[in-house]
Amino acid sequence: MRYTMTAFTNRSQTDMWVFESTDATNFSLVAAAAYRPPQADPAATPAAAVTDMKGLCRDPNIFRHVDGAYYLTYTTAWDGDAIGFARSVDRVDWTFLYEYTFPGAEHAWAPEWFVDAEGAVHVVVSIHDGAVFRPHLLTATDPSLSERQWTAPTPLLGFTPEADTLGYIDTTIVFARGRYHAFVKNESTKNIEVAVSDDPVGPYRFERTGNWAQWGGTGAGEPREGQCVVPLPDGRWRIYLDAYNLDDPEHGRYLYSDTVTDDLLGEWTIPRDLPGLSGLVRHLTVLPEPTPL
């Protein structure tokens, strides 16, 4: 297997870096600053801190489409109503495609590709409507993935936040044991929770809440976000976690943890630092695919 990692880093939130691995643990650099949005102004943009600058490339996520090309989606701003798209045939040279706008949204964060069990292509994105964050689903209506070939954003059912809470962000969905498992960050508790559904849109039901897998350590848990869940060759699963530091955003850690069995809702191993990259990468995602010949 080849595992392609895309991430922004503590050095820049305008640039996407690309890494690869054969074991999902030890990654080597493919290209630093492989992609930078055309609207970016890296000299005026702080490396990691909150900013009102646009043209960011935070939370970059790729998948390989039926045309053989790689497609990227990413967060364009801390405060903004758009996500970005780009395309590459080799993971190194990228072409900007367009920004997709959500009218009325105050934030549009962490878009992520999701191909369901029927082969339909979606993007799940966390949208803040002025009150709370909720995950929404866009569905491609044409294989071209062009700007006008998306359904209107549909809120995932089952993620209605309780009163006086912040909602859910960084949603990643995987299909296992015949059901969709949505891993979400509870933005109030800063824990990674899991909800399950028989349909991509829901309704989802929370099966695991709080610091249930102890990814945040003991007790209530330290903040975790940017979760990415991938299958391993032996049938188990791996989760990557951004152990960010709000007080010192340039010196967070990146962790990984594996299921003990093939059960996503079962026991997970104690998180470990990602070798060589913990402290550098931020909100990474990993794409597993067969090793090219």
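Criteria and cut-off values
- Residues numbered from 1 in each chain as written.
- Predicted model: local features only at pLDDT ≥ 70, side-chain atom pairs only at ≥ 80, totals over all residues.
- Heavy atoms only, no water.
- Salt bridge = Lys/Arg side-chain N within 4 Å of Asp/Glu carboxyl O.
- Helix = DSSP H or I, 4+ residues; strand = E, 2+ residues; numbered from the N terminus.
- Buried < 20%, exposed > 50% of the residue type's maximum accessible area, 1.4 Å probe, protein only.
- Contact = heavy atoms within 4.5 Å.
- Polar contact = N/O pair within 3.5 Å; in protein donor to acceptor, adjacent residues only side chain to side chain.
- Pairing = 2+ DSSP bridges.
- Axes fitted to C-alpha atoms, helices over the stretch in contact; angles between N-to-C directions.
- Disulfide = S-S within 2.5 Å.
- Patch = residues over 30% accessible without salt bridge, like charges linked within 9 Å, V, L, I, M, F, W, Y side chains within 5 Å.
- Areas by Shrake-Rupley, 256 points an atom, 1.4 Å probe, with all protein chains shown as cover.
- Lys, Arg positive; Asp, Glu negative; His and termini not counted.
- Charge placed at Lys NZ, Arg CZ, Asp CG, Glu CD.
- Phe/Tyr/Trp six-rings, centres within 6.5 Å; stacked < 30°, edge-to-face > 60°.

Draft legend 1. Representation of the pattern of salt bridges. Inspection of every chain in the model, using the stated rule, returns 17 salt bridges. Between R64 and E289 there is a salt bridge, with its nearest N and O atoms 3.4 Å apart. Pair noted here: R64 is in strand β4 (residues 58–64) and E289 is in strand β20 (residues 281–289), with a separation of 225 residues, a long-range link. Look at R64 and you get partly exposed, because its relative accessible area is 40%. A salt bridge links R205 to E207; the shortest N-O distance between them is 2.7 Å. Put simply, K185, E187, K190, E225, D242 and R282 are held in one network by salt bridges that share partners.

Draft legend 2. Representation of the environment of R253. Mapped onto the elements, R253 comes out in strand β18 (residues 253–258). A relative accessible area of 40% places R253 in the partly exposed class. Spatially, the C-alpha atoms of R253 and G279 are 4.5 Å apart, while their sequence positions differ by 26 residues. Setting aside residues no more than four positions away along its own chain, R253 makes contact with L241, D242, A243, Y244, D273, S278 and G279. Within polar-contact distance, the side chain of R253 engages the side chain of D273 at 2.6 Å.

Draft legend 3. Main features of the environment of R208. Looking at the element boundaries, R208 is found in strand β15 (residues 205–208). What makes R208 partly exposed here is its relative accessible area of 27%. The sequence separation of R208 and I192 amounts to 16 residues, and the corresponding C-alpha distance is 8.8 Å. In contact with R208, other than residues within four places in its own chain, are E193, V194 and L265. In this structure the side chain of R208 is engaged in a polar contact, spanning 3.0 Å, whose partner is the backbone oxygen of L265.

Draft legend 4. How the structure looks around the sheet that holds strand β16 (residues 225–231). The strand order across the open sheet built from four strands is β16-β17-β18-β19, with neighbouring strands paired in antiparallel fashion. Two strands in the sheet have a free side with no partner beyond their single neighbour: β16 and β19 (272–273). The pairing of strand β17 (residues 237–243) with β18 spans six bridges and is antiparallel. Paired with D242 across the bridge in β18 is Y254.

Draft legend 5. Examining the pairing of β20 more closely. The element β20 is largely enclosed, with a buried count of eight among its nine residues. Here strand β1 (residues 2–9) runs beside β20; their pairing, made up of seven bridges, is antiparallel. Across the sheet, residue T6 finds its bridge partner in β20, namely T285.

Draft legend 6. Highlighting the sheet that holds strand β7 (residues 95–101). Taken together, the four strands give an open sheet; going across it, the order is β4-β5-β6-β7, and neighbouring strands pair in antiparallel fashion. Edge positions in the sheet fall to β4 and β7, since each of these pairs with one other strand and no more. Averaged over all pairs of adjacent strands, the angle between strand axes in this sheet comes to 20°, irrespective of strand direction. Alignment of strand β5 (residues 70–75) against strand β6 (residues 82–88), held across six bridges, turns out to be antiparallel. Bridging from a neighbouring strand, Y74 pairs with G84 of β6.

Draft legend 7. Structural detail: the state of the cysteines. Scanning the entire structure with this criterion turns up zero disulfides. No disulfide involves C57; its sulfur sits 15 Å from that of C228, the nearest cysteine.

Draft legend 8. Geometry of a negative patch on the surface. Taken together, D52, D79, E106 and D129 make up a surface patch of like negative charges. Assignment of secondary structure puts D129 in the loop between β9 (121–128) and β10 (133–139).

Draft legend 9. View of the packing of aromatic side chains. For the structure shown, the criterion picks out 21 aromatic pairs. Arranged with centres 5.6 Å apart and planes meeting at 70°, the rings of F85 and W113 form a pair that is edge-to-face. Remark: W113 occurs in strand β8 (residues 107–115) and F85 occurs in strand β6; sequence separation between them is 28 residues. The pair formed by F85 and W113 is uniform in burial state, with each residue classed as buried. When the centroid spacing of 5.7 Å and the interplanar angle of 85° are considered together, the rings of F114 and Y180 count as edge-to-face. Residue F114 is found in strand β8, and its partner Y180 is found in strand β13 (residues 179–186); the two are separated by 66 residues along the sequence. Like Y180, F114 is buried.

Draft legend 10. Region of the structure containing the environment of R91. Mapped onto the elements of the fold, R91 is located in the loop between β6 and β7. Distance from R91 to A47, taken between C-alpha atoms, is 23 Å for residues 44 residues apart in sequence. In contact with R91, not counting residues within four places along its chain, are R2, T4, V18, E20, V30, A34 and Y70. A distance of 2.8 Å separates the side chain of R91 from the side chain of E20, its partner in a polar contact.

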